[in-house]
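This is what each chain is made of:
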Amino acid sequence: MAGLYLLVAQTALAQPAFAQDMDARARAAAAASRAKSGDSDAISNNYLTPGLGNQPVSTVDNSRSFTPNLACQKSATMLEMLVQSGATGDITHLSISRDKNLDGAFDQVLALPVPVSGICANGVISCSPGSWNQCQSFKWDVGGSGDLKLSEVDLPDLAGCYCVNASCGANLVAGNLPSVLKDLGGGVIGALTTADPRTAVAQASIDGPVIRYVGAQTTACSSSPSVSATSYRANPTAISGDAYAASQTNSVFTALAASPAGNGKAEETRSCTIEREIAVKAWDFSDIVSASGSITSTSSCGTGCLRFQIRGAGSCDSNPPVYTVTFNPLLPSRIVSARIIEMGADDWVQGRINGQVVGSAGKRLWTGDGLPSGDCRISDDPWYNRTPIDFTDTLRSGATSVSARVRGGGGGNWGYVTVEIQVDTSCEVSERLVDLCAGYAGHPACHLTQEDVDGVETVRNGVVTGLKPLPLTRLFGTGSCTYQYSRGFFLRTRRYACVVDTSGTVQPDLARATYIIDHSTETMLADQTRANDGSLVQSTRAFALPDRPAVAACESICKTRAPSANSGVAPAGAVAEKQNVPVGWDSFYHVCSADNVCPLGDGEEIVSPCGCLDDFPEAVVMMQTVRLAGSDLACTAVAR
């Protein structure tokens, strides 16, 4: 009997100790998890960066690690950007070095030809230095050859713009250099990843006036960005059909569809859009044909026409030098003509296309691979051949090399071949209607409940309102490629209610749970089970919860604010010029420390001390203000 009492006493003493041990282990596990993935920086440093950079990734407790292979190609520095500001506050020097093919070497260097007066999420604004006059808007873009470039657009096509030159404040670039670098780099990376969805950024680092991005190629190990994994971007309506076809052969989907949960019936709300997409593209010569090699000079011969001179010094030995330029057709359908229009030399020059002799200039014809029959170091006047030689079909078929083989010496020692290429740089306009509602509209179990057409509500709660939008006229494109289109609608936003069958769902048996809840107390656990003969058996036993640690009513936070110059811009100009007080405040929320201290940042002051803050009413007022302002703008704005 004494042994039984001792065992009961030991059990009673061990239970609180075990509870304390579990509490400590749970807190340790939570702290380790927060350290690994508590914020975006932790997730990037512990998982994203090493995962894309072929580095080990460890578990939460660091007990195990593995090296994933998520990328096909990697580059230590995919992109490097250097920013320097001038006396007027504008960014006077912005250069970008880029590793296009992720082979570890820079193969494009872009220096902006205009000063940067404002920065946007997807582009830049250039104005007269130190002012907000004569401004031009540019968007980060990628050309047909994959090169990064700036395309001039209207200001409404840019997003999140703000001013950085002296017209909006002093020393804005140098005083906010890290955020300026991140905003500029983010716009560039956004354009690159949009043009080639395979590209991923593993890490960004700032070193003074330079920001560097570590890149990798993911999604598809292919040399072309047009891969099947990203094909739905060009044809989103194919998702429904492909998803249905994949579901019919998927064992997991079949099992779930045949389960009780899959046989139920309920009404689900599904949203979709019908959008008219009109794209206007302006073509440059570099988007259609690229040239590389021994180009001496390039000159314009009209709209969409360039002349390339292939020139060099000759020799009189048995192997006269050959100077070659390779022309690559990026868009063969827009090549109008390609010709050799002139050959000239003192003494001899031989023109070749893809290694085959097509003509020459000199005292006599030079048609073979051997030397021409004639003297070298001739002191006569130069020789010219201006008979056009057409190679348009050859260039449309693929990369074409044009060469000048030069023989000469003495006082006259030169030869050249002039190539003229004419391309079609006219604007390209495409229009398509992307209907993502076709599947719901044709489904017998779905019916339309809401519809909004270009800001006009035509259906509400399944009833037609009688309102119809007026035909709209909008401008598309920029500069010389600007077109005006009038259409019945541009965007329909719909909501459908679809019925899903739930009649076959087996309802769970909650009789045992109901009995336990109704008959149990804080010190006694009641239970009801079914015996083998089908009868119900009730039982009770002592029950006690372990001591639970005290938990705070909330996570203690504080609200702070810091002064911020209002440097935002809009089509009407700088926002600060329209305000009585051009300086505002940025608000911040911080988690307080264990000793209830608010961690203030640079220039911050406390608005609300540490405690259980509830700013939900303020957030609701702000959201309602934005919603009502948006509705007013939709009703009163005019088409641009």
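Computed from a prediction, not measured in an experiment: that's the story for all the values here.

Caption draft 1: Structural view of the overall build of the chain. Along its length, the chain carries eleven helices and 38 strands. Each of the 640 residues in the chain was classed as buried or not, and the buried ones make up 32%. A separation of at least 24 residues holds for 64% of the contacts in the chain among residues at least 6 apart in sequence.

Caption draft 2: Layout of the sheet that holds strand β38 (residues 605-611). Across the sheet, which stays open at both edges, the three strands sit in the order β37-β34-β38 with antiparallel pairing between neighbours. The two strands at the open ends of the sheet, each matched to only one other strand, are β37 (583-591) and β38. Taking each pair of neighbouring strands and ignoring which way they run, the sheet shows an average axis angle of 20°. Pairing of strand β34 (residues 557-565) with β37 involves nine bridges; the strand directions are antiparallel. When the bridges of β37 are listed, Thr 560 appears paired with Phe 588.

Caption draft 3: Molecular detail of the packing of aromatic side chains. Scanning the model with the defined rule gives six aromatic pairs in all. Taken together, a centroid distance of 6.1 Å and an interplanar angle of 45° make the contact between Phe 285 and Phe 308 tilted. One end of the pair, Phe 285, is in helix α7 (residues 285-288); the other, Phe 308, is in strand β16 (residues 305-312), with 23 residues separating them in the sequence. Judged by relative accessible area, which is 13%, Phe 285 ranks as buried. Residue Phe 308 is classed as buried on the basis of its relative accessible area, which comes to 5%. Taking 5.2 Å as the distance between ring centres and 70° as the angle between the ring planes, the aromatic pair formed by Phe 308 and Phe 327 counts as edge-to-face. Note that Phe 308 is positioned in strand β16 and Phe 327 in strand β17 (residues 322-329), a separation of 19 residues in sequence.

Caption draft 4: The arrangement of the confidence of the model for the chain in detail. Mean pLDDT over the chain stands at 82; residues scoring 70 or higher make up 87%. Low pLDDT (under 50) marks residues 1-15, which in the prediction has three contacts with non-local residues, meaning those over four places away or in another chain. Across residues 634-638, confidence stays below pLDDT 50; counting only partners more than four residues off in sequence or on other chains, it has zero contacts.

Caption draft 5: Molecular detail of unusual backbone geometry. Although it is not a glycine, Asn 171 adopts a positive phi angle of roughly 60°. Among the structural elements, Asn 171 can be located in the loop between β10 (162-163) and α3 (172-175). Positioned with a positive phi, Asp 454 is a non-glycine residue whose angle comes to about 50°. As for its position among the elements, Asp 454 is in the loop between β26 (446-453) and β27 (456-460). Judged by its relative accessible area of 21%, Asp 454 is partly exposed.

Caption draft 6: Local environment of the sheet that holds β10. Here five strands make up an open sheet; going across it, the order is β9-β8-β7-β6-β10 and the pairing antiparallel. Strands with a single pairing partner mark the edges of an open sheet, and in this sheet they are β9 (148-153) and β10. Here strand β6 (residues 118-119) pairs with β10 via two bridges, running antiparallel. Counted as the bridge partner of Ile 119 is Tyr 162 from β10.

Caption draft 7: Up close: a nonpolar patch on the surface. A contiguous nonpolar patch, built from Phe 616, Val 620 and Met 623 and spanning about 320 Å² of accessible area, is present on the exposed surface. In this fold, Val 620 is placed in helix α11 (residues 616-636).

Caption draft 8: Representation of the nonpolar core in the model. Grouped together as the largest cluster of nonpolar side chains are 30 residues, with contacts concentrated most on Met 81, Ile 91, Leu 94, Ile 96, Trp 140 and Leu 184. For this core, the secondary-structure elements that each account for two or more residues are β3 (73-85), β4 (91-98), β8 (136-142), α4 (177-195) and β12 (210-217). At eight residues, α4 tops the list of elements feeding residues into this core. Dropping the residues within four chain positions of it, Leu 184 is found in contact with Met 81, Val 83, Ile 91, Leu 94, Ile 119, Val 124 and Trp 140. Phe 285, Val 289, Phe 327 and Ile 335 belong to the second largest nonpolar core, which has 26 residues in total.

Caption draft 9: Molecular detail of α4. In a regular helix each residue adds 1.5 Å, so 19 residues correspond to 27 Å; α4 covers 27 Å between its end C-alpha atoms and thus fits that length. Inspection of α4 places Leu 177, Val 180, Leu 181, Leu 184, Gly 185, Gly 187, Val 188, Ile 189, Ala 191 and Leu 192 among the buried residues, and these make up the whole buried set.

Caption draft 10: Examining the state of the cysteines more closely. This structure, assessed with the given rule, holds ten disulfides. In this model, Cys 446 is linked to Cys 498 through a disulfide, with the two sulfur atoms separated by 2.0 Å. With the S-S bond torsion at 115°, the cross-link from Cys 446 to Cys 498 turns out right-handed. With Cys 446 in strand β26 and Cys 498 in strand β31 (residues 491-501), this pair connects stretches of sequence that are 52 residues apart. The class for Cys 446 is buried, based on a relative accessible area of 12%. The exposure class of Cys 498 is buried, given its relative accessible area of 2%. With a sulfur-sulfur separation of 2.0 Å, Cys 592 is cross-linked through a disulfide to Cys 610. The S-S bond linking Cys 592 to Cys 610 shows a torsion near -100°; that makes this disulfide left-handed. Residue Cys 592 is found in the loop between β37 and β38, and its partner Cys 610 is found in strand β38; the two are separated by 18 residues along the sequence. The two residues Cys 592 and Cys 610 agree in class, both being buried.

So, how was this worked out
- Residues numbered from 1 in each chain as written.
- Predicted model: local features only at pLDDT ≥ 70, side-chain atom pairs only at ≥ 80, totals over all residues.
- Heavy atoms only, no water.
- Helix = DSSP H or I, 4+ residues; strand = E, 2+ residues; numbered from the N terminus.
- Buried < 20%, exposed > 50% of the residue type's maximum accessible area, 1.4 Å probe, protein only.
- Contact = heavy atoms within 4.5 Å.
- Pairing = 2+ DSSP bridges.
- Axes fitted to C-alpha atoms, helices over the stretch in contact; angles between N-to-C directions.
- Phe/Tyr/Trp six-rings, centres within 6.5 Å; stacked < 30°, edge-to-face > 60°.
- pLDDT = per-residue confidence, 0-100.
- Patch = residues over 30% accessible without salt bridge, like charges linked within 9 Å, V, L, I, M, F, W, Y side chains within 5 Å.
- Areas by Shrake-Rupley, 256 points an atom, 1.4 Å probe, with all protein chains shown as cover.
- Salt bridge = Lys/Arg side-chain N within 4 Å of Asp/Glu carboxyl O.
- Core = buried A, V, L, I, M, F, W, Y, C linked by side-chain atoms within 4.5 Å.
- Expected span 1.5 Å × (residues − 1).
- Disulfide = S-S within 2.5 Å.

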